[in-house]
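Each chain is listed here by its residues.
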Amino acid sequence: MDSALSRSMLHLTEVLQTRLANLCHSIKTFLMDQSRVVKSGNIYALEFLFLARISLVRPAKSLQLDEVDCLYPAIRATLLSALDQNLRATELWNSLSIIPPMEKRTLSNRPRIQDRP
C-alpha cells in the first residue's frame, strides 16, 4: 500500500477513535447517526459491524484502535459496493427504454365505471 495512503487511513482511524472515545451509547447508534456517517441506516450499520466483526451492542467508547482500524475499511467497502450496485441498477433501468412512462392520472382523465366495456 502507498505510504501516503496508509498514513491517511491511520489518521482517519485515529479521528474516528477520538470521536468514539466519549460516547456512552452503542457503536450501532453512532453509525446510524446521519450527522456522523451519511447514508448509514440500520442495514448499512449492521453490514459495517458484521464486516468489522464488532458486536452491535458494544459501547462505542470500548472499541480499541485495532477494531476501529477494521471498522473504517468496512464502512468504505460497504458504501462503495452500494454505490456500484445502485449505478448498475440505474443503468439497467435506463436500458429498458421500451417501457412507456406512466400516464399521469387526473380526475378528468381517469376511467369511470360507465366508460368501461
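Each value, and the rule that gives it
Per chain, residues are indexed from 1 in the order of the written sequence. Residues qualify for local features only when their pLDDT is at least 70, as the model is predicted, and side-chain atom pairs are given and counted only at 80 or more; totals for whole chains, interfaces and linings, by contrast, use all residues. Processing note: side-chain calculations cover all non-hydrogen atoms of the structure and skip hydrogens and water entirely. Residues forming no salt bridge and having over 30% relative accessible area are the ones grouped into patches, like charges within 9 Å of each other and nonpolar side chains (Val, Leu, Ile, Met, Phe, Trp, Tyr) within 5 Å. All accessibility values rest on the Shrake-Rupley procedure with a 1.4 Å probe; residue burial counts only the protein chains present in the view. Salt bridges are defined by distance alone: a side-chain nitrogen of Lys or Arg within 4 Å of a carboxyl oxygen of Asp or Glu. Numbering of helices and strands starts at the N terminus; helices are DSSP runs of H or I of at least 4 residues and strands are runs of E of at least 2. In this scheme, a residue with accessible area under 20% of its type's maximum is buried, one over 50% is exposed, and one in between is partly exposed, where area comes from a 1.4 Å probe on protein chains only. The nonpolar core is taken to be a set of buried Ala, Val, Leu, Ile, Met, Phe, Trp, Tyr and Cys residues, with the residues joined through side-chain atoms within 4.5 Å. Put simply, two rings from Phe, Tyr or Trp (the six-membered ring, in Trp's case) pair if the centres are within 6.5 Å, and we call them stacked under 30 degrees between planes, edge-to-face over 60, tilted for the rest. Placement of a charge over a ring requires the Lys NZ or Arg CZ to be within 6 Å of the ring centre, with the centre-to-atom vector within 35 degrees of the ring normal. We call two residues in contact whenever any of their non-hydrogen atoms come within 4.5 Å of each other.

A. Quick look at a nonpolar patch on the surface. A cluster of nonpolar side chains, Leu80, Leu83 and Leu87, forms an exposed patch at the surface whose accessible area comes to about 280 Å². Within the secondary structure layout, Leu80 lies in helix 4 (residues 65-95). Judged by its relative accessible area of 44%, Leu80 falls in the partly exposed class.

B. Representation of the nonpolar core in the model. Leu20, Ile27, Phe30, Leu31, Ile54 and Leu71 are the most contacted members of the largest nonpolar core, which has 17 residues in total. Secondary-structure elements contributing two or more residues to this core are helix 1 (3-20), helix 2 (27-32), helix 3 (42-52) and helix 4.

C. Region of interest: the packing of aromatic side chains. According to the stated counting rule, one finds 1 aromatic pair in the structure shown. With a centroid separation of 6.4 Å and an interplanar angle of 10 degrees, the aromatic rings of Tyr44 and Phe48 are classed as stacked. Placement of both Tyr44 and Phe48 in helix 3 is noted, with a separation of 4 residues, approximately one turn of the helix. A relative accessible area of 31% means that Tyr44 is categorised as partly exposed. The residue whose ring lies beneath Arg53 is Phe50, and the NZ or CZ to ring-centre distance is 5.7 Å.

D. Fine view of the environment of Leu56. Within the fold, Leu56 resides in the loop between helix 3 and helix 4. Residues Leu56 and Leu31 lie 25 residues apart in sequence; the distance between their C-alpha atoms is 9.8 Å.

E. The arrangement of the side chain of Thr78 in detail. Here Thr78 shows up in helix 4. Sequence-distant contacts of Thr78, that is, excluding residues within four places in its chain, are made with Tyr44, Glu47, Phe48 and Leu51.

F. Spotlight on unusual backbone geometry. Positive phi, normally seen in glycine, also occurs at Arg53, with a value near 60 degrees. Tracing the chain through its elements places Arg53 in the loop between helix 3 and helix 4. The class for Arg53 is exposed, based on a relative accessible area of 68%.

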